[in-house]
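Working through the structure, step by step
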Amino acid sequence: MLDGARVAEQIKREVAEGVARLLRARGRRPGLAAVRVGDDPASAVYVRNKVRTSEQLGLHSEHHALAADTTTEQLLALLADLNTRAEIDGILVQLPLPAQIDERRVLETVAPRKDVDGFHPLNVGLLASGRPAFVPCTPAGIYELLVREGIEIVGARACIVGRSQIVGRPMAQLLVNADATVTICHSRTRDLAAVTREADILIAAIGRPGLIRAAHVKPGATVIDVGMNKITDETQARELFGARADERIEVIRRRGYTLCGDVHPAEVEAVAGRLTPVPGGVGPLTVAMLMRNTLTAAEARRTE
Ligand code: NAP
């Protein structure tokens, strides 16, 4: 198992040291503003987690929770204010936004130098041209994990299943920039297993529980499971978790659901060389990289 949680703790310790250094040198802490619109319970949990982590690491943090009927103009006004405020170095707008909000305008309004999620077109373009500024946190975390765990990237065949702006596309750019040979798959890919089986590094960012099975994986490959899917059905849990099904069914009975990735855990564990668990794999790395991006934004500021 690739221990994402352990690497995330390592990154957070480094960030905490960086925060303390910045405080000594410039008398200020990095500041992160988290903006959330509406009542989506998953988004509320994610944002709370990010704010709590930033407080633990000594950052200044703000949580702006806006009503579900907030207009695009109201959100843009808040962002314009955060863009100019000196104590804020990083701004994150939790996605998804309610349907009435123009997501594209919102992401384009965050100042590129404060765009710690890396979604502004300027940062997307810099990454695509091999000059990264801010890289989206989930792929950035996966890249850190691969490097710190000594997984060979140069010359390796990497396959990413999923082409979202948040995970698949930036992941492909990072790996291409690091000299891997990269293939991107999606829902229209023909004979998915034939393509994924070529990969030394296989990254699943799909949103379908257990879609990647033993037949999709080259024996010994490194498999990164980005998926976070809620399983509520005990029969499905038994099929997915094999020998560990009883533990997971216990979790379903206690909490109402258990988390499963896009990789079939019981099958792929037997074939893969390395595999990230769900939970405890990619999730903690995402939060750690948000903290690091915010520290980087603060360090990059020239004027106080
Ligand atoms: P997304 O925007 O819904 O994209 C899913 C991608 O998977 C799309 O490109 C889609 O293809 C492709 N796909 C769907 N069905 C497929 C199939 N049967 N075969 C091959 N490809 C298929 O999802 P996302 O935002 O990238 O998220 C993916 C997963 O990662 C979700 O479970 C999400 O919860 C999780 N996630 C986790 C973290 C974390 O921190 N751990 C962060 C972000 C996301 P098309 O483009 O053709 O539709």
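**So, the overall build of the chain**
Regarding its fold elements, the chain presents 12 helices and 10 strands. In terms of its C-alpha atoms, the chain occupies a principal-axis envelope of roughly 55 × 45 × 35 Å. Counting over 304 residues, the chain shows a buried share of 51%. Restricting the contact set of the chain to residue pairs at least 6 apart, pairs at least 24 apart contribute 71%. As displayed, the chain has an accessible area near 14,200 Å², and 50% of this comes from carbon and sulfur atoms.

**With respect to the domain arrangement of the chain**
Each domain of the chain was delimited in the assignment, giving domain 1 (23–111) and domain 2 (137–227 + 262–283). If you average the C-alpha positions of domain 1 and of domain 2, the two centres end up 29 Å apart.

**Observations concerning unusual backbone geometry**
A cis amide bond links Leu95 to the next residue, Pro96, at an omega of 0°. Examined against the element boundaries, Pro96 turns out to sit in the loop between β3 (90–93) and α4 (103–109). A cis amide bond, omega 0°, links Val278 with the succeeding residue Pro279. Along the chain, Pro279 turns up in the loop between β10 (274–275) and α12 (282–300).

**Details of the pattern of salt bridges**
Within this structure, the stated rule accounts for 19 salt bridges. Residue Arg148 pairs with Glu14 through a salt bridge whose shortest N-O separation is 2.9 Å. Here Arg148, found in helix α6 (residues 137–148), pairs with Glu14, found in helix α1 (residues 4–26); they are 134 residues apart in sequence, far enough to count as distant. Looking at Arg148, the relative accessible area reads 29%, which means it is partly exposed. Here Asp246 and Arg238 are joined by a salt bridge, their closest N and O atoms 3.3 Å apart.

**Remarks on the packing of aromatic side chains**
The relative placement of two aromatic rings is captured by the distance of their centres and the angle of their planes. Going through the model one piece at a time under the given rule, you end up with 0 aromatic pairs. Looking at Lys230, its charged tip hangs above the ring of Tyr257, at a distance of 4.3 Å from the centre. Taking the ring centre of Tyr257 as reference, the NZ or CZ of Arg255 above it sits at 5.7 Å.

**Considering the sheet that holds β3**
The strand order across the open sheet built from 3 strands is β2-β1-β3, with neighbouring strands paired in parallel fashion. Looking at the sheet topology across the chains shown, the edges are occupied by β2 (60–66) and β3. Each adjacent strand pair in this sheet contributes to an overall mean axis angle of 15°, direction not counted. Relative to β2, strand β1 (residues 31–37) is paired through 7 bridges, and the arrangement is parallel. Residue pairing across strands places Val35 opposite His64, the latter belonging to β2. Sheet contacts for α12: β1 and β3; angle to β1, the most-contacted strand, approximately 130°.

**Observations concerning the site of the ligand**
Lining the immediate environment of the ligand, one finds 21 residues, of which Arg163, Ser164, Ser187, Val226 and Thr286 sit closest. At 2.7 Å from an oxygen atom of the ligand is found a side-chain nitrogen or oxygen belonging to Arg163. If the ligand stood free it would expose 930 Å²; the protein chains cover 71% of that surface. It is α12 that contributes the most residues to the shell around the ligand, 3 residues altogether. When the residues that make up the shell around the ligand are grouped by side-chain class, the tally is 8 nonpolar, 10 polar and 3 charged.

**Side note on the sheet that holds β10**
Here we have 5 strands laid out as an open sheet, ordered β5-β4-β6-β7-β10, and parallel in their pairing. Two strands bound the open sheet, and with one partner strand each, they are β5 (181–185) and β10. Examined bridge by bridge, strand β6 (residues 201–204) and strand β7 (residues 222–225) share 4 bridges and lie parallel to one another. Bridged to Ile201 within β7 is Thr222. Lying on the sheet, α6 is in contact with β6 and β7; it crosses β7 at an angle near 150°. Of the strands in this sheet, β4 (157–161), β5 and β6 are in contact with helix α7 (residues 168–177), which crosses β4 at around 170°.

**Focus on the side chain of Asp225**
Among the secondary structure elements, Asp225 is positioned in strand β7. Despite being buried, Asp225 has no salt bridge partner; Arg248 is the closest side chain of opposite charge, sitting 8.6 Å away. Reaching out from Asp225, the side chain makes a polar contact with the backbone nitrogen of Gly227 at a distance of 3.3 Å. At 3.2 Å, the side chain of Asp225 and the backbone nitrogen of Val263 are in polar contact.

**Remarks on the pairing of β7**
Of the two faces of β7, the one carrying Thr222 and Ile224 and the one carrying Val223 and Asp225 are both buried. Pairing of β7 with β10 involves 2 bridges; the strand directions are parallel. By the bridge assignment for β10, Val223 is matched with Leu275.

Reading the values: the criteria
- Residues numbered from 1 in each chain as written.
- Predicted model: local features only at pLDDT ≥ 70, side-chain atom pairs only at ≥ 80, totals over all residues.
- Heavy atoms only, no water.
- Helix = DSSP H or I, 4+ residues; strand = E, 2+ residues; numbered from the N terminus.
- Buried < 20%, exposed > 50% of the residue type's maximum accessible area, 1.4 Å probe, protein only.
- Contact = heavy atoms within 4.5 Å.
- Areas by Shrake-Rupley, 256 points an atom, 1.4 Å probe, with all protein chains shown as cover.
- Domains from an automatic or database assignment.
- Salt bridge = Lys/Arg side-chain N within 4 Å of Asp/Glu carboxyl O.
- Phe/Tyr/Trp six-rings, centres within 6.5 Å; stacked < 30°, edge-to-face > 60°.
- Lys NZ or Arg CZ within 6 Å of the ring centre and 35° of its normal.
- Pairing = 2+ DSSP bridges.
- Axes fitted to C-alpha atoms, helices over the stretch in contact; angles between N-to-C directions.
- Near = heavy atom within 4 Å.
- Polar contact = N/O pair within 3.5 Å; in protein donor to acceptor, adjacent residues only side chain to side chain.
- Nonpolar A, V, L, I, M, F, W, Y, C, P; charged D, E, K, R; others polar.
- Lys, Arg positive; Asp, Glu negative; His and termini not counted.

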